Each structure stands twice: as C-alpha cells, then as structure tokens.
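Understanding the architecture of this molecule
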Amino acid sequence: MVASLESTVREISPQAIARELARRLAPQATYVRVAHSAEGWKILLEAEQIPDQRTCLDVLVAFLSPFLPQSIDVYGRQLGGQRPAWGVRLRLRPVATPTPATVRDRQLEPLALAASVLGIFGLGAVGQWQSPSVWLAAAPEPTVEQVRSVILNAAPILTPARPPLWHHYSPPEAFRGHVFNRVALPPEQKLVALTFDDGPDPTYTPQVLDILAQEKVKATFFAIARAVAARPKLAQRIVREGHVLANHSWSHGYHYFNPAAAQHEVDQSQQLIEDISGANIKLFRPPGGNLHNGLVSHASQQGYGVVMWSVDPQDWLPRQTSDRIVNTVVQQAHAGAIVLLHDGGGSRRATVAALPRIIAELRAKGYQFVTVPELIAAQEPTSLPEPPSWLTIQETAQLQQLILQLETRIQALEKELKTTPPWAIAEREYLAATLREQQAALSWVQQRLAFEQAAEGQYQAALKLAEQATLAAKAQQSSVAKTLWQRAIATLDSIPNTAFVAPLAQIKQRQYSRRMHQLQ
C-alpha cells in the first residue's frame, strides 16, 4: 500500500503540489516550495513572520492525506531567513487504508535544524531545487508575442543590412483577391497603417519621406506608375528607406476599363514599378476607391489584396487645413486602421504640416505605426519557422549575429539563475521566465537561419544551372540549353516566397524564361 501511495504522489509534479498548498495557505500569506528526489519529499513554508506550525500542518495533512507518502520533511522559516525556525517529519500511520486525518493522527518527528535551508534545498541529493532546469520547467510557456518582442528588441542593435532594393510581398489567403479597409485587431493591439496615394511627387514626397525618417515610421505608398516612370529615383528612395511601394494603377483613371485595358493598368504598372524599384508588392488600391470600373475585378483575379481605408481626413480637398486633418485622424483612429493620406495629385502642404502632429498625438495614445503587410501579419502571426513581415532583418548574416547575441544572453541568465540564492523566489521565477523566452527566440532564429540557408542554396544551384545553359546556348546546343533553363526556372520556383532571396529569385526566373523563349 505504501508503495502504491508513493507511486501516486510521484505522478503529481512538485509545482502542482506547491501551487495548491499556496492556495490553501493564502490566509497565512505563506510561500510554498516543494522539492522531490530519491530521498523523499521536502516542503519549505515561508512567510513574513514564522509560519504557524500547527495551522500549516493541519492544512498540509488535510490536502495530502489521500496520497501521503511514507514521509515528508516540512520546514517553516521567516521569509529571507537563512535557517528554518521549525521542522517536522510527517510519517504515514501503518494502516491498510489511509483515511483523511488531522495532524494529530499522524506521527510527527522533530527534525534537526543544524543544517540551513540552503543545504536542504541546495546542491547535492536534492540539488534539483537549485538547478536551473527545475525553475525552467515551472516557468510559463512563452507566447508568440513574447518571442517576437525578444527578437525585435535585439534586432535594432545588429549591423544594418545592405540597402534592401528588392522587396516582394503576396498577401495571405484571407486577404488575397479580397477588398478590405481595415484589419480586425483587438482594441489593445493599437497598430495603424499610414498610406499615401498619387505620388511620387517631386515636391511633397521628399518632405513626407524626411518626416517619416525623422520619426522612424514606415508607411505604405500607393504610387501611380506613370509618376514612378517620371521620377524613378523617388520610387527607389521609398523602397530603400524601408517603406512599401504598391500599385495605384497606371493613369489614375476613374472611367470603365475593358479587360484588356484593365490588364494594362494593373499588370503593366506592377511590372514597371518592379523594374524601377525592385518592389513587387501584390497590393492594389483603385483610383478614387472605385470598385466597379474593371480594375478591381482584374486585380482580384490576379491575387492582389485590394486595399481601401477606414480613416479618411479628406486631405485632398482644396481648402483642407492641417488642423482638421489631424483631428479627423486622431479621433477616428482605431486598432487595425488604414489611414488615407496623399503625397501627390496637387498641393499637399496641409498633409505635410499635419503629419508630424498625427504621429505625435497617436503615439501619445499608445499607437504604433506599421506598413499594410505588417498590419495584415499582426492579425495572425505566422507560425515558425515561416518568416513574418514584422522581422526587421533582411540578411542571413544578421540572423547569425542574432544567434550569437541570444546565446550570450542565455549563458548570462543561466549563470545568474544558478547563483541566485534559493530563497530569492521572485527573482528566480523572473530569471527562469526570461531565460525561457530567450531560449524560444533562439530556437526560432535558428530555424529561420536554416530556412534561409536552404533557400540560398537553391538560388545558387539555379545560378549554376543558368551558367551551364548559357554555355550550351553559345555552343548552339539549343535542346540542352532549354532543358537547363527549365531546370533553373523550376529550382527558382521552389524557393518559398517568404525567403530573403525570393525577390531576386523571381527576377532571375523571368530573365531565364525570356532567354529560353529566345532559343525557339
């Protein structure tokens, strides 16, 4: 019977027993810690004043009597003290079937208190109490948000990536081919996306970019393709500074477009924007918000996310003032909002004047500014190891730096946790929770690095196939060259869209397709 009781109690974790005892002893404001080893169970009770022995043992025995093992050592101590004030050993009475009983029905033996609690709950046979692994096991599982926070807090101190001229984004299934004017986020997730239409404009777009750079805010620019063609350096600057450059049609026309004209307005604009800036963003905003003139129908069929807005301060009105723009945006802002502003299409002096105040006042209310892809990603953070758009890293070298940084931090936390006195309960719990978050972040980054290295390997393999195809074409071995081009294209096509190298892979894929067709 005793053996079966021992087996039963071992199935219950020390942490579970400690939590339940702490709940039952809450009126005495008693902290409870439980340790278990081959030598048996030990319970430490701590309070601001020395815990009352009789009261604590009554509660403990009432709880543990159904599965009390043969002996449990119980100690009481003033919080922060070095030695216990009392200690007893609870022994099971030799009866066939244990029944609930008070402490008076149990055999109590006083324990020698010559050794300090540090020795009891420290190293040696019961050394697991001191071991970081015990505390890590008891620490809560970190959430996706906590892991993301660790990575974002570490990323800004990394060596900056080389200027990212290549960007690719395709919205997730829930947004692809659909019209949306906001992203459904809980009220406490106070993210908003600032968007600018009708540029790039030689006067106002640089002013908007200067303000965004000074405020460290990223925005989304829905550009008119013919304006991009006229001012390519401004388009390149938008992308170079980390903003999203998306499609706002070729001519900004409101009239009806037949299928062929709609294809030109959307697809040719996308191709030109990519050729000039390197940005291939599958987001489309219809001119004037017109959903029924043929453009949105074509864009939806091609898998674009059609982006409208939920906050419109009408900054395009001829006599609009900066005060009214600010008031409208600040009053109507909400979690997941998409704000419509303009950097082109006329005088935008009021918008430029309002922008710093919009940023300052929304920040004062707790809002953060993100791009439209980041806003979409915030609704459903991507599962590991798929790289989400919130990651402020663009190169595998940065991932490697981040791994070293996290490993150094983890080693320091492990050392600190191991050397923290066992009685510093709150500090140990905090260190264990922090350490677990760092370990989860490290695991994520390691998976991401492996993901990126595999994609880069595929990219390099495709480049080698392309070199062989070029040599075969020069040797007039057309069939061999065509086969090699096809293999190179298929290899590039297998690279996930979310990899760092994906935009380059897609550009190469189109180049190789043109070369292959030239052989025919």
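See the structure above.
The shown structure was predicted, so the numbers you read here are calculated from the model rather than taken from an experiment.

Within the largest apolar cluster, 59 residues are counted, with the highest numbers of intra-cluster contacts made by L194, F196, L212, F221, L245, L355 and L362. Per-element tally for this core: the top contributor is helix α13 (residues 349-364), with 7 residues. One finds A139, A155, I425 and L435 within the second-largest nonpolar core, a separate group that totals 26 residues.

Bringing helix α12 (residues 322-332) into the picture now. Within α12 the residues assigned to the buried category are S322, I325, V326, T328, V329 and V330. In this structure, the buried side of α12 is in contact with β14 (337-342) and α13.

Turning our attention to the pairing of strand β3 (residues 71-78). Most of β3 is tucked away, with 6 of its 8 residues classed as buried. When strand β2 (residues 40-47) meets β3, the two strands line up parallel, connected through 7 bridges. Each bridged residue has a counterpart across the sheet, and for K42 the counterpart in β3 is D73.

In this structure the tally under the stated criterion is 13 salt bridges. As a salt-bridge pair, D73 and K42 come within 2.9 Å of each other at their nearest N and O atoms. Of this pair, D73 sits in strand β3 while K42 sits in strand β2, and the two are 31 residues apart along the sequence. By relative accessible area, D73 is classed as buried at 5%. The residue D323 makes a salt bridge to R357 at a minimum N-O spacing of 2.7 Å.

In this section: the packing of aromatic side chains. A full pass over the atoms with the stated rule returns 4 aromatic pairs. Relative to F180, the ring of F175 has its centre 4.8 Å away and its plane inclined at 80°; by these criteria the two rings are edge-to-face. F175 gets classed as buried once you look at its relative accessible area, which sits at 8%. Using a relative accessible area of 8% as the deciding quantity, one classes F180 as buried. Between F196 and F221, the aromatic rings sit 5.2 Å apart at their centres with planes inclined by 20°, giving stacked as the arrangement. Taken together, the residues span a long stretch of sequence, with F196 in strand β8 (residues 191-197) and F221 in strand β9 (residues 220-223) at a distance of 25 residues. Classification of F221 as buried rests on a relative accessible area of 2%.

The rules we used
Residues numbered from 1 in each chain as written. Predicted model: local features only at pLDDT ≥ 70, side-chain atom pairs only at ≥ 80, totals over all residues. Heavy atoms only, no water. Core = buried A, V, L, I, M, F, W, Y, C linked by side-chain atoms within 4.5 Å. Buried < 20%, exposed > 50% of the residue type's maximum accessible area, 1.4 Å probe, protein only. Helix = DSSP H or I, 4+ residues; strand = E, 2+ residues; numbered from the N terminus. Contact = heavy atoms within 4.5 Å. Pairing = 2+ DSSP bridges. Salt bridge = Lys/Arg side-chain N within 4 Å of Asp/Glu carboxyl O. Phe/Tyr/Trp six-rings, centres within 6.5 Å; stacked < 30°, edge-to-face > 60°.

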